[in-house]
Amino acid sequence: MRKPTRPSKVPPALPPLRILIASSEVHPYSKTGGLADMVAALGKSMARRGHRVGVVTPLYKGLREKFPGITHMDYFMRLPLGSDWVEADVHTLEVQPNLTIYFIHQPGYFDRRGIYSENNIDYPDNAQRFFLLSKAAVHLARYLLWQPQVVHIHDWQTGLIPAFMNHQARHEGWMRPPASLLTIHNLAYQGLFAADAFKLTNLPLQDFSPDGVEFNGLLGCLKSAILSSDAITTVSPRYAREITTPEFGCGLDPLLRHRSKVLRGILNGVDYEEWQTEKNPFIPEPYAVSDLEGKAVCKAELQARMGLPVDPSIPLFGSVTRLADQKGMDILLGALEEMLPSKMQFVLLGSGSPELERHYLSLSQRWPGKVSAQIGYDHGLSHQIEAGADFFLMPSRFEPCGLNQMYSLRYGTIPIVRVTGGLDDSVVDLSEDRQAADGIKFQELSPHVLARAIRKALALFASPDLLNLYRIRAMKADFSWDRTSQEYESVYRQLIEARGL
Ligand code: ADP
Ligand code: GLC
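Draft legend 1. Structural view of the packing of aromatic side chains. Tallied over the entire structure, the rule returns 15 aromatic pairs. Note on Tyr109 and Phe110: the rings are 6.4 Å apart at their centroids and 65° apart in plane angle, and the pair reads as edge-to-face. Each of the two residues, Tyr109 as well as Phe110, counts as buried. Within the aromatic cluster, the residues linked to one another by ring pairs are Tyr60, Tyr109, Phe110, Tyr116, Phe130, Phe131, Trp156 and Phe193. Over the ring of Tyr470 we find Arg473; its NZ or CZ atom is 5.8 Å from the centre of that ring.

In structure tokens form, the structure reads like this:
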């Protein structure tokens, strides 16, 4: 007689985790760049996986009016900031099951027109503002009833959190503090402050040393985070390797090499509920891989909106970007000078460096009908450019991940990118794989080499069948958050296990 077969063993379901995310920007409440998109999508996808997620961020100006669901929480903090005590309370928003946004309400610091600056000038009290945010997040990590197991911090603005948590664990009786994870979105912004800002941390004097928060005589928030977080991720595998080299390390490469065992790159995902072409309130006509006709309508509307001749036969290039050194937009100026005599159009949406703003405005005056530049920030227009352009230009000097090239791919807008960081990890050039090519890459950071890449784009545009093939491959490329959140989850689990939490 055959033995009865035993039911095959189903692996036990892993317990849900409790994660507190701290960030100075979270879409749709605040945004200056991709950080906001990434944090918002991370929170959503982790909550969807069944984990308990909180996101701590400032209550910036006008949020309560814009999001009436935000409610006052019965939670009050009085936090030391140097010799002062600063009061703050908390407002919350339940975004979806398992996901709560904790808005730190400190109107003196956060009820302002800008997030970090106004008229391109940083607020002089940014140390106070973001140290306070960090202290408030630590307070929540310690006293929230649901007891977070991991605090996940992002960039310099929340960089002092691990140092504060470690201090409270060593000296202030915090028995089982959560593990800490730092995600570096951009090593170039380090949160450096003059040494006298150190008193605002209320940390013991010996912490102002190379083994603590000091970096070359200054207070370094990101440096402190790199040193004192339990683990570090950055937003693409290639950037994780790059930042351990002097070329990309911004002076922190020795420390990153020292911590390389706990450093890894996890490519950002895209929130395809928001960045999509089928149900998108920002674009004039839906389209999909199976029916690309709407894309032509989007192009015509974009040409009209930007004051350019409406003509489907003119290749349209676009850029949506912070006008910062990182983005290589100075190189693009030179490349455009070389290429604009050809049949092409270029639209820009961006703001930042006043000098670059001036250059692009003057370019549009010298090439009316060919170049149109909108200086400023406009969420709706950013979607319209992604949808309406034929090609999307990202000539970055360095790019930790870059979201726009992934958005472009989904919109069937062929990205032209420099081989760096996440741009390299997310776009495939013909020279790498003929069967999978969905973008155009160039290596050398020079106007002439970029002009050559634009010339390749013009050749592609002149072969409609090939262009169509590129578009379809691009739209099918998958950077959904499923993979990204799975990778973060495994990092969280390793940290929690190592801590025995
Ligand atoms: P970074 O975070 O370095 O600026 P990313 O490519 O990761 O670069 O993300 C940039 C994000 O900011 C994208 O969502 C992009 O659409 C948006 N963005 C940048 N500049 C503007 C602008 N002027 N108006 C609207 N959105 C912008
Ligand atoms: C930073 C980087 C960008 C990245 C974004 C989100 O702003 O500059 O490359 O995509 O963060 O992680």
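Next comes the rest of the description.
Draft legend 2. The arrangement of the site of ligand 1 in detail. Close contacts around ligand 1 come from 21 residues, with Lys31, Gly34, Arg322, Lys327 and Gly376 the closest. At 2.8 Å, a side-chain N or O of Lys31 approaches an oxygen atom of ligand 1. A distance of 3.1 Å separates a nitrogen atom of ligand 1 from a polar backbone atom of Asp378. For ligand 1, the protein covers 94% of the area, taking 560 Å² as the surface of the free molecule. The biggest single contributor to the shell around ligand 1 is strand S15 (residues 316-323), with three residues. Split into classes, the residues belonging to the shell around ligand 1 amount to six nonpolar, nine polar and six charged. Here the shell around ligand 1 gathers at least three residues from each of two domains, domain 1 (18-269 + 483-499) and domain 2 (293-478).

Draft legend 3. Just helix H1 (residues 34-48), in detail. When the terminal C-alpha atoms of H1 are compared, their 21 Å separation across 15 residues agrees well with the 21 Å that a helix rising 1.5 Å per residue should span. Of all 15 residues in H1, 13 are buried; the element is thus mostly enclosed. A positive backbone phi angle near 100° is found at Gly50, which sits one or two residues after H1.

Draft legend 4. Focus on the sheet that holds strand S5 (residues 99-105). Judged by pairing direction, the sheet is mixed, and its nine strands sit side by side in the order S3-S4-S5-S2-S1-S8-S9-S13-S14 without closing on themselves. Pairing within the sheet leaves two strands with one partner each, and these edge strands are strand S3 (71-81) and strand S14 (263-265). For this sheet, the mean inter-axis angle between neighbouring strands, taken without regard to orientation, is 25°. Note that strand S9 (residues 179-184) and strand S13 (residues 231-234) share four bridges and pair parallel. Bridge pairing in S13 places Thr183 opposite Thr233.

Criteria and cut-off values
Residues numbered from 1 in each chain as written. Chains lettered and ligands numbered in written order. Predicted model: local features only at pLDDT ≥ 70, side-chain atom pairs only at ≥ 80, totals over all residues. Heavy atoms only, no water. Phe/Tyr/Trp six-rings, centres within 6.5 Å; stacked < 30°, edge-to-face > 60°. Buried < 20%, exposed > 50% of the residue type's maximum accessible area, 1.4 Å probe, protein only. Lys NZ or Arg CZ within 6 Å of the ring centre and 35° of its normal. Near = heavy atom within 4 Å. Polar contact = N/O pair within 3.5 Å; in protein donor to acceptor, adjacent residues only side chain to side chain. Areas by Shrake-Rupley, 256 points an atom, 1.4 Å probe, with all protein chains shown as cover. Helix = DSSP H or I, 4+ residues; strand = E, 2+ residues; numbered from the N terminus. Nonpolar A, V, L, I, M, F, W, Y, C, P; charged D, E, K, R; others polar. Domains from an automatic or database assignment. Expected span 1.5 Å × (residues − 1). Pairing = 2+ DSSP bridges. Axes fitted to C-alpha atoms, helices over the stretch in contact; angles between N-to-C directions.

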